[in-house]
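Observations on the model geometry
Each chain, letter by letter, is given below.
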Amino acid sequence: MVSKRMRAAFVRGFKQPLVIEEVPVPEVVPGRVLVKLSACGVCHTDLHAVDGDWAFKPSPPFIPGHEGVGHVAAVGSGVRSVKEGDRVGVPWLYTACGHCKYCLTGWETLCRSQQCTGYTVNGCFADYVLADPDYCGRLPSALGFAAAAPLLCAGVTVYKGLKQTEARPGQTVVISGVGGLGHLAVQYAKAMGLTVIAIDVGEEKLELARRCGADHTINAQSADPVAQVQKLCGGADGVLVTAASRAAYAQASGMLGRLGTMVLIGLPGGTIEVDILDMVGSCKTIRGSSVGTRADLVEALQFASDGKVSVHHTTDKLENINAILDTMRQGRITGRVVLTLAE
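Predicted model only: the values in this text are computed from it and were never measured.

**Quick notes on the environment of V11**
Within the fold, V11 resides in the loop between β1 (5-10) and β2 (19-24). Once the C-alpha coordinates of V11 and P60 are considered, the two residues, 49 residues apart in sequence, prove to be 5.9 Å apart. Contacts of V11, omitting those with residues within four sequence positions, involve L18, V50, P60, P61, F62 and P64.

As structure tokens, this is what we get:
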């Protein structure tokens, strides 16, 4: 039986502490499902939402969170793809129009009419959330909720980004930034048969990269990462920038080899400069990558279900969300923090 009240953490104003309130559980409407949440990862994008960092801002009050996982508690009329009791995840891409040229060609993440969980619609820092069943991820039975939650954004985002490098088994990729995204990128890259060079400025994060299977690690505070990458492999076939750091972006194109592709994921804002002669003469590519499609999510979850990828995470309570976000602002989170909401 669905409870009539729930806890939810609201953004009432940008750069202000979230306020945990007791509010009515959303009513199920046609075409939607109600998910009773068991866990939700805390993503750096949540921090951008809370602080109103981007030009296109959410509208307070709203509930952040887009790595929510749990059971379907109720099903609206017309829903056929899931049933009550199913284990699902609610990702960043809440819904899309389904008929534009991007949706029709498997690029629904570029739909101009898309809605984003925890940003343009209420998200998963709560006990319940409404979701579009056509965009929910179906969780493999082998994955526990806390272990699965960060895959709904961090996992699928880096997996898609690695695909966008077009690097093939046996080739080399650089993972720049070994945080919540980067430590998963190392594992996906290894599972895809790639040689991995991991770069960060913290020794604790580089140690995590080594535990995740990185073949080489470089501390960008004590060594020139561009020179080191060129020395190791003559330039990487792909560079995936997960760090929200302009310095990381400034170095990335120099790490590429000829015909290499640099993929942008981290979001520090601002612009980057590249050596045009080098880009042209070496036929390098710069490409953005935004989260992943529903098909990408199925694949990303399967890697984890097969035991090839696992999230380095700690768990915490919804009541501690403001302390978690403060720790994130200070760059002191290794891996991912997952809110445990219910079992």
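**A look at the side chain of D46**
Mapped onto the fold, D46 is located in helix α1 (residues 44-51). The buried charged residue D46 lacks any salt bridge partner; its closest oppositely charged side chain belongs to R336, at an N-O distance of 6.4 Å. Dropping the residues within four chain positions of it, D46 is found in contact with G41, P64, G65, H66 and F125.

**A closer look at the pairing of strand β3 (residues 33-42)**
Consecutive side chains of a regular strand alternate in pointing toward one face of the sheet and then the other. Counting buried positions over the ten residues of β3 gives nine, a clear majority of the element. Relative to strand β4 (residues 68-75), β3 is paired through seven bridges, and the arrangement is antiparallel. What sits directly across from A39, in β4, is V69. Both β3 and strand β8 (residues 128-131) contribute to a ladder of four bridges, which runs antiparallel. In the strand pairing of β8, L34 is matched with L130. As defined by bridge partners, β3 adjoins strand β17 (residues 336-340) across four bridges and the pair is classed as antiparallel.

**Some words on empty space enclosed by the protein**
Counting across every chain of the model gives one cavity of 30 Å³ or more. Lining the largest cavity, in full, are P91, W92, L93, Y135, L152, C153, V156, V291, G292, T293, R294 and L297. Among the residues forming the lining of the largest cavity, the class breakdown is nine nonpolar, two polar and one charged.

**Concerning unusual backbone geometry**
With the exception of glycine, most residues fall at negative phi, and the peptide bonds are largely trans. The omega torsion of the bond from P60 to P61 falls at 0°, within 30 degrees of zero and hence cis. Notably, E166 is not glycine yet its phi reads approximately 60°, a positive angle. Along the chain, the position of E166 falls in the loop between α4 (154-165) and β10 (172-176). Even without being a glycine, C283 presents a positive backbone phi close to 55°. On the secondary structure map, C283 appears in the loop between α9 (276-281) and β15 (285-288).

**What about the packing of α1 against helix α11 (residues 321-329)?**
Packed helix pairs are specified by the crossing angle of their axes together with the interaxial distance, meaning the distance between the axes. Following both chains from N to C, one finds α1 and α11 inclined at 105°, their axes separated by 10 Å at the closest point. Relative to α11, α1 is oriented roughly perpendicular. Across the interface between the two elements, H44, L47, V50 and D51 from α1 touch L325, M328 and R329 from α11. Of the residues in the contact of α1 with α11, the class split is four nonpolar, one polar and two charged.

**Regarding helix α8 (residues 246-255)**
Along α8, the residues classified as buried are A248, Y249, A252, S253 and M255. Projected down its long axis, α8 carries its buried residues within an arc of 150°, all on one side. Exposed residues pointing more than 90 degrees away from the buried face of α8 are listed as R246 and A250. Against the buried residues of α8 lie β10, β11 (195-200), α7 (225-233), β13 (236-241), β14 (256-264) and α9.

**Quick notes on the packing of aromatic side chains**
Evaluation of the coordinates by the stated rule reveals six aromatic pairs. Here W54 and Y119 contribute two aromatic rings whose centre-to-centre distance is 5.8 Å and whose plane-to-plane angle is 35°, an arrangement assigned as tilted. One end of the pair, W54, is in the loop between α1 and β4; the other, Y119, is in the loop between β7 (115-116) and β8, with 65 residues separating them in the sequence. By relative accessible area, which is 23% here, W54 ends up partly exposed. Relative accessible area serves as the criterion here: at 4%, Y119 is assigned to the buried category. Put simply, the rings of W54, F56, W92 and Y119 pair up and form one aromatic cluster. The ring of F10 carries the charged tip of R12 above its face, separated from the ring centre by 4.9 Å. Positioned above the aromatic ring of F145 is the side chain of R87, whose terminal nitrogen or guanidinium carbon lies 4.6 Å from the ring centre.

The rules behind each value
Residues numbered from 1 in each chain as written. Predicted model: local features only at pLDDT ≥ 70, side-chain atom pairs only at ≥ 80, totals over all residues. Heavy atoms only, no water. Helix = DSSP H or I, 4+ residues; strand = E, 2+ residues; numbered from the N terminus. Contact = heavy atoms within 4.5 Å. Buried < 20%, exposed > 50% of the residue type's maximum accessible area, 1.4 Å probe, protein only. Lys, Arg positive; Asp, Glu negative; His and termini not counted. Salt bridge = Lys/Arg side-chain N within 4 Å of Asp/Glu carboxyl O. Pairing = 2+ DSSP bridges. 1 Å grid on protein atoms, 1.4 Å probe; cavity = no way out; pocket = protein on both sides within 12 Å on 5 of 7 lines; lining within 4 Å. Points joined across faces, edges and corners; volume = space filled by probe spheres on them. Nonpolar A, V, L, I, M, F, W, Y, C, P; charged D, E, K, R; others polar. Axes fitted to C-alpha atoms, helices over the stretch in contact; angles between N-to-C directions. Parallel < 35°, antiparallel > 145°, perpendicular 65-115°, else oblique. Arc of directions from axis to C-beta. Phe/Tyr/Trp six-rings, centres within 6.5 Å; stacked < 30°, edge-to-face > 60°. Lys NZ or Arg CZ within 6 Å of the ring centre and 35° of its normal.

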